[in-house]
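A look at the structure
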Amino acid sequence: MAEPISKIRRVEKTDDQIKQDKMTAIKDQIATDDAAFMEVLELVKALHDSGALDMLNSALKAKEDIATTFLNEARKEPATNAINNLMMTSKLLTETKPEQTEKMLEGLANAQAKANDSLKEDTTLGLFGLAKAMKDPDVNRALRYGLAFLKGVGQELK
């Protein structure tokens with residue numbers, strides 16, 4: 001009969017064997033995906049030739065200094081104002097329906113075109129011309145909209 005196993009020996013690889021296994025795995029991967037590997041090499045060469053690779057390496061080495069400078073600048077009032085304004089603008093954009101924004105932008109483009117056309121005329125607009133213009137339904141609608149807009153802004157300025 002066979003003798004029972006009393007000791008289990010663990011076979012541990014040497015550092016050289018581990019490195020050799022890793023190199024074999026890398027070679028196999030390159031052989032399998034040679035086109036992708038070649039593209040990566042071309043990208044790295046292009047970055048090196050343009051100097052961007054040196055810049056990226058320098059930026060990585062100085063990442064703590066860059067982060068400190070960035071944070072110091074971001075804490076200053078102009079930067080915090082810009083961030084707060086961007087947040088408020090994004091809030092406005094998320095609360096406004098896209099259809100309203102689209103109508104407003106179309107109206108602005110149309111208004112700019114009409115205003116440019118009116119610059120070609122050299123007539124003086126008097127009090128009667130203004131009164132006549134206010135009877136135009138489009139002008140009247142725009143005036144009502146503008147007055148309501150100004151009233152809303154004024155209420156918030158209290």
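None of the values given here were measured: they were computed from a predicted structure.

Reading guide: rules and limits
- Residues numbered from 1 in each chain as written.
- Predicted model: local features only at pLDDT ≥ 70, side-chain atom pairs only at ≥ 80, totals over all residues.
- Heavy atoms only, no water.
- Helix = DSSP H or I, 4+ residues; strand = E, 2+ residues; numbered from the N terminus.
- Rg over C-alpha atoms; globule rule 2.2 N^0.38 Å.
- Buried < 20%, exposed > 50% of the residue type's maximum accessible area, 1.4 Å probe, protein only.
- Areas by Shrake-Rupley, 256 points an atom, 1.4 Å probe, with all protein chains shown as cover.
- Salt bridge = Lys/Arg side-chain N within 4 Å of Asp/Glu carboxyl O.
- Patch = residues over 30% accessible without salt bridge, like charges linked within 9 Å, V, L, I, M, F, W, Y side chains within 5 Å.
- pLDDT = per-residue confidence, 0-100.
- Axes fitted to C-alpha atoms, helices over the stretch in contact; angles between N-to-C directions.
- Parallel < 35°, antiparallel > 145°, perpendicular 65-115°, else oblique.
- Contact = heavy atoms within 4.5 Å.
- Nonpolar A, V, L, I, M, F, W, Y, C, P; charged D, E, K, R; others polar.

This next bit is on the overall build of the protein. Of the regular secondary structure elements, the protein holds eight helices and zero strands. The globule rule puts the C-alpha radius of gyration for 158 residues at 15 Å, and the 35 Å found for the protein is more than 25% above it. Principal axes of the C-alpha set define a box for the protein whose edges measure 120 × 40 × 40 Å. Buried positions account for 1% of the 158 residues belonging to the protein. For the protein, the exposed surface amounts to about 15,400 Å²; the carbon and sulfur share of it is 61%.

What follows concerns the environment of Gly107. For Gly107, the position within the fold is in helix 6 (residues 98–118). Since its relative accessible area comes to 37%, Gly107 is described here as partly exposed. On a C-alpha basis, the gap between Gly107 and Ala142 in space is 9.8 Å, while along the polypeptide they are 35 residues apart.

Tallied over the entire structure, the rule returns five salt bridges. Between Lys45 and Asp49 there is a salt bridge, and its shortest N-O distance comes to 2.9 Å. A residue pair is termed a helical-turn pair when its members lie 3 or 4 positions apart in one helix, as Lys45 and Asp49 do in helix 2 (residues 34–50) at four residues. For the pair formed by Lys45 and Asp49, the shared burial category is exposed.

Turning our eyes to something else, we now look at a nonpolar patch on the surface. A cluster of nonpolar side chains, namely Met104, Leu105, Leu108, Tyr145, Leu147, Phe149, Leu150, Val153 and Leu157, defines an oily patch on the protein surface of about 980 Å² accessible area. Put simply, the parts of the chain that give the nonpolar patch at least two residues each are helix 6 and helix 8 (137–156). Element by element, the count of residues in the nonpolar patch is highest for helix 8, at five residues. Along the chain, Leu108 turns up in helix 6. For Leu108, a relative accessible area of 51% corresponds to the exposed category.

Our next topic: the confidence of the model for the protein. Averaged over all residues, the pLDDT of the protein is 89; the fraction at 70 or higher stands at 99%. When pLDDT is averaged over each element of the protein, helix 3 (residues 52–61) comes out on top at 93 and helix 6 at the bottom at 88.

Right, let's get into the packing of helix 7 (residues 127–135) against helix 8. Relative orientation of the contacting elements helix 7 and helix 8 amounts to 90 degrees, with a least axis distance of 5 Å. By the criterion of interaxial angle, the relationship of helix 7 to helix 8 is roughly perpendicular. Packed against helix 7, whose contacting residues are Ala133, Met134 and Lys135, the element helix 8 presents Pro137, Val139, Asn140 and Leu143 at the interface. In the contact of helix 7 with helix 8, the residues fall into five nonpolar, one polar and one charged.

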